[in-house]
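# Architecture and fold: a report
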Amino acid sequence: EKGGFDHFMLKEIYEQPNAIKDTFRGRLRADEGIVKLSSVEENLQKFLNADRILIVACGTSWHAGLVAEYILEEFTRIPVEVEYASEFRYRNPIIRKNDIIIAISQSGETADTLAAIKLAKEQGAFVYGVCNVVGSSISRETHTGSYTHAGPEIGVASTKAFTTQITVLTLMALRIGQAKGTLSRADFHRYLQELDHVPQKVEQALEHNLEIQAIASKYKDAPNCLYLGRGYNYPVALEGALKLKEISYIHAEGYPAAEMKHGPIALIDEHMPVVIIAPKQEHYDKIVSNIQEIKARNGKIIAVVTAGDVQVKKLADYVIEIPETSDALSPLITTIPLQLLAYHIAVMRGCNVDQPRNLAKSVTVE
Ligand code: M6R
């Protein structure tokens, strides 16, 4: 049942090229310049008239929501807010007529997300769901939505659900951006082609598994770990840290790289590993200077870099290469090495990777 893998988590990490492909199958036709999600087509006017999109979710799905915030705002120019479902539901949130609520949930059973949807519906909002489990409570409770086609996710630590959620939300942003004209024709077509090539690039990222395992062996006994990223990769830093803490029980925190100097830099010494997502993208020079600041304090750097990188390689203790992608689609690739790193560290520490202590696959309690 684990298809020759030692754990479901590893199997599911490796399923991502196909899971992403299955998620855009029939929805993305790059050569014809077509992106289509039936639930978006049927409600296109609502999306075109939206004053705001509110995303509610928990855990990893909340991180996918944060990535979507960056993508949706960039492509559609609709203001987006992302909130923990548990906070949203208990604070009498402001929901206006032309707001759209997007609820993201792998299981479709998360109690807080379900309650947030019910509250939004009571206030007259249009609620769109992004779920993986077909027929789940959230998929039934929302007005409409799109399924991710990740297939069953058994490992408690979410992996392929995350990348397929981002895939669906990217398709949505592309279609709305096209319809609104907020995305240029040239960019629209370029992103379609790029998205079509993402599964292949995920495949290439997975090829670094053994190097990542070797890096894991160096840091498996670290008591703490910091994850840093900027822009589209800031939520990926949060997700990388969550993966490490939930399966290896190492304390980890994710931060936007530039926030380091506002506090976390005090933690840096020769014992602190810092995982930094540093692909060749906008503000690359800023990431390079963050790395210099960490090295000046003897911190240990594990950097995720674009193949062929020169500058970061000179500074980092270890680098993991990923293929080149545009900034907006990079989270689908940069997240892969962080999943593998957490996985190998947890295995080396003898942890129960698929069923970490104190955690359940779906949190149906409030
Ligand atoms: O099923 P959901 O996507 O609603 O679940 C949300 C969180 O409980 C879930 O992502 C959790 O954080 C995972 N264990 C993360 O790996």
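See the structure printed just above.
Okay, so let's go over this structure. Since the structure is predicted, the reported quantities are computational estimates derived from the model, not experimental observations.

## Observations concerning the site of the ligand
Within the structure, the ligand sits among 14 residues, and Ser61, Ser105, Ser107, Thr110 and Glu246 are positioned closest to it. In this structure, an oxygen atom belonging to the ligand sits 2.7 Å away from a main-chain N or O atom of Gln106. Side-chain polar atom of Lys243 to an oxygen atom of the ligand: 3.0 Å apart, as the coordinates give it. Protein chains shield 91% of the accessible area of the ligand, which is 410 Å² for the free molecule. Counting atoms within 2 Å of the grid points, the majority share of the ligand lands in the largest pocket. Mapped by element, the contributors of at least two residues to the shell around the ligand are helix H5 (59-76) and helix H12 (234-248). Looking at the shell around the ligand, the element that brings in the most residues is H5, giving three residues. Here the residues of the shell around the ligand are counted per class, giving four nonpolar, eight polar and two charged.

## Notes on H12
Here H12 is 15 residues long and its end C-alpha atoms lie 21 Å apart, about the 21 Å a rise of 1.5 Å per residue gives. Most of H12 sits inside the fold, with 12 of its 15 residues counted as buried. Three or more residues of H12 are buried, namely Pro235, Val236, Ala237, Leu238, Glu239, Gly240, Ala241, Lys243, Leu244, Glu246, Ile247 and Ser248. At the exit of H12 stands Tyr249, carrying a positive phi of roughly 65°.

## Some words on H5
Given a rise of 1.5 Å per residue, 18 residues ought to cover 26 Å, and the 25 Å separating the end C-alpha atoms of H5 matches this to within 8%. The buried fraction of H5 is high, at 14 of 18 residues. At the C-terminal side of H5, Arg77 shows a positive phi close to 60°.

## With respect to the pattern of salt bridges
If the charged atoms of two oppositely charged side chains come close together, the side chains can form a pair. Under the definition given, this model contains 19 salt bridges. As a salt-bridge pair, Lys243 and Glu239 come within 2.6 Å of each other at their nearest N and O atoms. With a gap of four residues between them, Lys243 and Glu239 both fall in helix H12, about one helical turn apart. Across this residue pair, the class does not change: Lys243 and Glu239 are buried. Of the charged contacts in the structure, one is a salt bridge between Lys295 and Asp317, with a shortest N-O distance of 2.7 Å. With a gap of 22 residues between them, Lys295 in helix H13 (residues 284-296) and Asp317 in the loop between helix H14 (311-315) and strand E12 (318-322) connect regions that are remote in the sequence. Looking at Lys295, the relative accessible area reads 25%, which means it is partly exposed. Taking the relative accessible area as the measure of exposure, Asp317 reaches 32% and is therefore partly exposed. Through salt bridges with shared partners, a single ionic network connects Lys11, Glu15 and Lys160.

## What to know about the sheet that holds strand E5 (residues 99-105)
What the five strands build is an open sheet, ordered E4-E3-E5-E6-E7; its pairing is parallel. Two strands lie at the open edges of the sheet, namely strand E4 (80-84) and strand E7 (144-147), each paired on one side alone. Sheet twist, expressed as the mean angle between neighbouring strand axes with direction ignored, is 20°. Here E5 pairs with strand E6 (residues 126-131) via six bridges, running parallel. Counted as the bridge partner of Ile104 is Val130 from E6. Here helix H7 (residues 111-122) sits on the sheet in contact with strand E3 (52-57), E5 and E6, set at roughly 165° to E5.

Conventions adopted
Within any chain, residue numbers begin from 1 and follow the written order of that chain's sequence. Restriction of local features to residues with pLDDT of at least 70 applies here, the model being predicted, together with a cutoff of 80 or more for giving and counting side-chain atom pairs; totals for whole chains, interfaces and linings are based on all residues. Note: side-chain values were computed over all heavy atoms of the structure, leaving out hydrogens and water. We call a residue near a given molecule or strand whenever any one of its heavy atoms falls within 4 Å of it. Any N or O atom pair separated by 3.5 Å or less is treated as a polar contact, with the protein-specific requirement of one donor-capable and one acceptor-capable atom, and with residues adjacent in sequence counted only for side-chain atom pairs. The Shrake-Rupley method, run with a 1.4 Å probe, gives the accessible areas here. Residue values count only the displayed protein chains as cover. Definitions used for this entry: grid spacing 1 Å over protein atoms alone; cavity, a set of points where a 1.4 Å probe fits but cannot get out; pocket, an open set with protein on both sides within 12 Å along at least 5 of 7 lines; lining residue, one with an atom within 4 Å of a point. For a molecule to be placed in a cavity or pocket, more than half of its atoms must lie within 2 Å of the grid points of that cavity or pocket. The secondary structure listing takes helices from DSSP runs of H or I that are at least 4 residues long and strands from runs of E that are at least 2 residues long, numbered from the N terminus. Residues are grouped as follows: nonpolar covers Ala, Val, Leu, Ile, Met, Phe, Trp, Tyr, Cys and Pro; charged covers Asp, Glu, Lys and Arg; every other residue, Gly included, is treated as polar. Helix span, expected: 1.5 Å multiplied by one less than the number of residues in the helix. Categorising residues by exposure relies on relative accessible area from a 1.4 Å probe, with only protein chains included: less than 20% of the type maximum marks a residue as buried, more than 50% marks it as exposed, and the intermediate range marks it as partly exposed. Every case where a carboxyl oxygen of Asp or Glu lies within 4 Å of a side-chain nitrogen of Lys or Arg is listed as a salt bridge. Two strands are said to pair when DSSP picks up at least two bridges between them. All axes here are fitted lines through C-alpha atoms, helices being fitted over the stretch that makes contact, and every angle between N-to-C directions spans 0 to 180 degrees. For this analysis, residues touch if any pair of their heavy atoms sits within 4.5 Å.

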